[in-house]
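So you can see what is in the structure, the chains are spelled out below.
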Amino acid sequence: MSASTETPQSQLIQELVQYGDFLQLSRNQPTYFDIPLTFTLTNGTQVDIAAPGIISFTPLGFGDKDIVLSSGIHGNETAPIEMCEHYVRDIFRGELIVAHRLLFLFGNLPAMNKGSRFIEENLNRLFSGAHSQDVPEHAVNSERLRAKELEQAVADFYTCLPSQPSRQRLHYDLHTAIKPSKNDKFAVYPFRHGRPWNKQQLQFLLACGINTILLSGSATTTFSYYSSNQFSAEAFTVELGKVMPFGQNDMRQFAAADTMLRRLLSGQDLQLKPYEAGDFLIYQVNQVINKLADNFKLAFGDDEPNFSTFKQGDLLATEGDREYRCQQDGEAIVFPNANVALGQRAILTVIPTTI
Ligand SMILES: [Zn+2]
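Remember, predicted model here, so these are calculated numbers, not experimental data.

Rules and cut-offs
Residues numbered from 1 in each chain as written. Predicted model: local features only at pLDDT ≥ 70, side-chain atom pairs only at ≥ 80, totals over all residues. Heavy atoms only, no water. Helix = DSSP H or I, 4+ residues; strand = E, 2+ residues; numbered from the N terminus. Rg over C-alpha atoms; globule rule 2.2 N^0.38 Å. Buried < 20%, exposed > 50% of the residue type's maximum accessible area, 1.4 Å probe, protein only. Areas by Shrake-Rupley, 256 points an atom, 1.4 Å probe, with all protein chains shown as cover. Lys, Arg positive; Asp, Glu negative; His and termini not counted. Charge placed at Lys NZ, Arg CZ, Asp CG, Glu CD. Donors = N, O, S within 2.8 Å, 3.2 Å for Na, K, Ca; no water. Tetrahedral: all angles 85-135°; square planar, octahedral: opposite > 155°, others 65-115°. Contact = heavy atoms within 4.5 Å. Phe/Tyr/Trp six-rings, centres within 6.5 Å; stacked < 30°, edge-to-face > 60°. Lys NZ or Arg CZ within 6 Å of the ring centre and 35° of its normal. Pairing = 2+ DSSP bridges. Core = buried A, V, L, I, M, F, W, Y, C linked by side-chain atoms within 4.5 Å. Salt bridge = Lys/Arg side-chain N within 4 Å of Asp/Glu carboxyl O. Polar contact = N/O pair within 3.5 Å; in protein donor to acceptor, adjacent residues only side chain to side chain. Expected span 1.5 Å × (residues − 1).

*Asks:* How do you make sense of the overall build of the protein when you look at a structure like this?
*Replies:* A count of helical and extended segments in the protein gives eight helices and 16 strands. Taking 20 Å as the expected radius of gyration for a compact globule of 355 residues, we find that the protein reaches 21 Å, a close match to that expectation. Viewed in the frame of its principal axes, the protein has a C-alpha envelope of about 75 × 50 × 40 Å. Counting all 355 residues of the protein, 52% fall into the buried class. Accessible area of the protein: about 15,800 Å², with a carbon and sulfur share of 49%. In the protein, 30 side chains carry a positive charge and 39 a negative one; their mean positions are 4 Å apart.

Next up, the structure:
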């Protein structure tokens, strides 16, 4: 950058380097990033901004991990958005020196501005091409366009280097749950089509404060499954706590995850403890209960926490005359939500398992 070339672009770069407020600019002035932007920080790290909310960093002599951190796929899940916003700011200011290639994705910018989960459709049901499936009433909306754009960003990031077995692809899709959870923090491990579950990844999650892992049993249209399935990334949907408005998160609750993510990004020793099965609560999916009619009703209170357990035969939900019941003792509910669109999942039930 030199002072003699004061174009709007160089002013924008100066502002970013000085204040690091990439997310705020993406939310409030998205047209600033209509044209992709590439520049270099004084420490040699290359910055590539592909679109509003999509930014990658490539340090000189980068390490062997290609790391994707996504947040705000649901616009009101603010704590991880604030964490990632902080990392970006610290990288711009030279306070966080990254050691690996790193892509930040701030998912649903209009929903963040509205303080809502989504505008028209749940963005985390639109990946692996679901954004382009022919549903006339949703032919195009902002979530479908965004899902496509985010998929492309991940594809570009992972494939711009030749694939080498020594490189590790990681994707942590960071969320917070709508409901409280008996197990406050948990992660969904996307279906691996027979690839073994990676215990070292579970050790990392444990160090982040996450001891509860839900093994997905089938292909899905979530963001983490997309990265896992298309690019063999170690990918997870990570639920870090409960939804709160921007600025109202108790960041102490996220201290362990914050410490571990900063270690990961900056290439420090992760100091993981050895894997012990007893450290984890691992579940597999037992029932996927989809809402088929408008009279779908949960049989338990709205405030029933995630991972609450039931006894065999307990009623979980009704839909007119149809009844959905617990199939075995110890079966637990996750993500109950009667307000989903018809045909979508209203309850997932899980049972303990081991890997
Ligand atoms: Zn979410």
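Don't stop here, the text continues.
*Asks:* Looking at this model, I keep getting lost on the coordination of the zinc ion. Mind explaining?
*Replies:* By definition of the ideal shapes, a tetrahedral metal site with four donors has angles of 109.5 degrees and an octahedral site with six donors has angles of 90 or 180 degrees. Taken together, His74 (ND1), Glu77 (OE), Glu77 (OE) and His175 (ND1) make up the protein donors of the zinc ion, found 2.0 to 2.4 Å from the metal. Around the zinc ion, the four donor atoms are arranged such that angles at the metal cover 58 to 148°; this shape is classified as irregular. The sequence pattern describing where the donors of the zinc ion fall on their chain is H-x2-E-x97-H.

*Asks:* Can you help me understand the environment of Glu276 in this one?
*Replies:* Position of Glu276 among the secondary structure elements: in the loop between helix 8 (255-266) and strand 10 (281-290). Given a relative accessible area of 45%, Glu276 falls into the partly exposed group. Glu276 sits 35 residues away from Lys311 along the chain, and the two C-alpha atoms are 28 Å apart.

*Asks:* Sorry if this is basic, but what is going on with the environment of Ala130 here?
*Replies:* With respect to the helices and strands, Ala130 occurs in the loop between helix 4 (109-114) and helix 5 (142-159). Sequence-wise, Ala130 and Arg195 are 65 residues apart; in three dimensions their C-alpha atoms are separated by 23 Å. Not counting chain neighbours up to four residues away, the residues in contact with Ala130 comprise Arg125, Arg144 and Thr221.

*Asks:* I'm lost on the packing of aromatic side chains in this one. Help?
*Replies:* Here a ring pair, both rings aromatic, is described through the centre-centre distance and the interplanar angle of the planes. Scanning all chains against the criterion turns up 21 aromatic pairs. Summarising the aromatic geometry, the rings of Phe104 and Phe106 are spaced 6.5 Å apart at their centres and angled 15° between planes, so their arrangement reads as stacked. Taken as a pair, Phe104 and Phe106 share a single burial class, namely buried. Plain terms: the ring middles of Tyr189 and Phe236 are 4.2 Å apart, the flat faces sit at 45° to each other, and that makes the pair tilted. Pair noted here: Tyr189 is in strand 7 (residues 186-189) and Phe236 is in strand 9 (residues 234-242), with a separation of 47 residues, a long-range link. In this pair, the class of Tyr189 matches that of Phe236, namely buried. These aromatic residues form a ring-pair network of at least three members: Phe22, Phe33, Phe39, Phe57, Phe92, Phe104 and Phe106. Against the face of Phe157 rests Arg101, its NZ or CZ located 4.2 Å from the ring centre. Of note, Lys185 hangs over the ring of Phe254, and the distance from its end group to the ring centre comes to 5.9 Å.

*Asks:* I would appreciate a short explanation of the pairing of strand 16 (residues 345-352) in the present structure.
*Replies:* Residues in a regular strand point their side chains to alternate faces of the sheet. Strand 16 sits mainly inside the fold: six of its eight residues count as buried. Relative to strand 16, strand 10 runs antiparallel, the two sharing seven bridges. Its bridge partner lying in strand 16, Val285 is registered against Val350. Across three bridges, strand 15 (residues 331-334) lies against strand 16 in antiparallel orientation. Looking at the pairing, Val334 lines up with Leu348 of strand 16.

*Asks:* Explain the nonpolar core here, please?
*Replies:* Across soluble globular proteins, you tend to see nonpolar side chains buried next to one another. In terms of nonpolar packing, the biggest core is built from 56 residues, with Leu16, Phe92, Phe104, Phe106, Tyr172 and Ile213 touching the most fellow members. When residues of this core are assigned to their parent elements, the largest contribution, eight residues, is made by helix 3 (residues 78-92). Leaving out residues up to four positions away in the same chain, Phe104 has contacts with Gly53, Ile54, Ile55, Phe57, Leu69, Cys84, Tyr87, Val88, Ile91 and Leu265. Of all hydrophobic cores here, the second largest spans 21 residues; its members include Ala51, Leu123, Val154 and Phe223.

*Asks:* Mind showing me how you'd approach the side chain of Glu143 here?
*Replies:* If you trace the backbone, Glu143 turns up in helix 5. Buried Glu143, no salt bridge; nearest opposite-charge side chain is Arg144, N-O distance 7.8 Å. A polar contact is formed between the side chain of Glu143 and the backbone nitrogen of Glu120, at a distance of 3.0 Å. Filtering out sequence-adjacent residues up to four positions away, Glu143 remains in contact with Asn108, Phe118, Ile119, Glu120, Glu121, Leu123 and Leu126.

*Asks:* Which parts of the structure should I look at to understand helix 5?
*Replies:* In an α-helix, one turn spans 3.6 residues, which is why side chains three or four residues apart end up on the same side. Its 18 residues give helix 5 an end-to-end C-alpha distance of 26 Å, which sits within 8% of 26 Å, the value for a rise of 1.5 Å per residue. For helix 5, the complete set of buried residues consists of Glu143, Arg144, Arg146, Ala147, Leu150, Glu151, Ala153, Val154, Ala155, Phe157 and Tyr158. Those residues of helix 5 that are buried lie in contact with strand 3 (54-58), strand 4 (65-71), strand 5 (101-106), helix 4, strand 6 (168-177) and helix 7 (223-231). Two or three places before Glu143, at the opening of helix 5, Asn141 has a side-chain oxygen 3.0 Å from that residue's backbone nitrogen.

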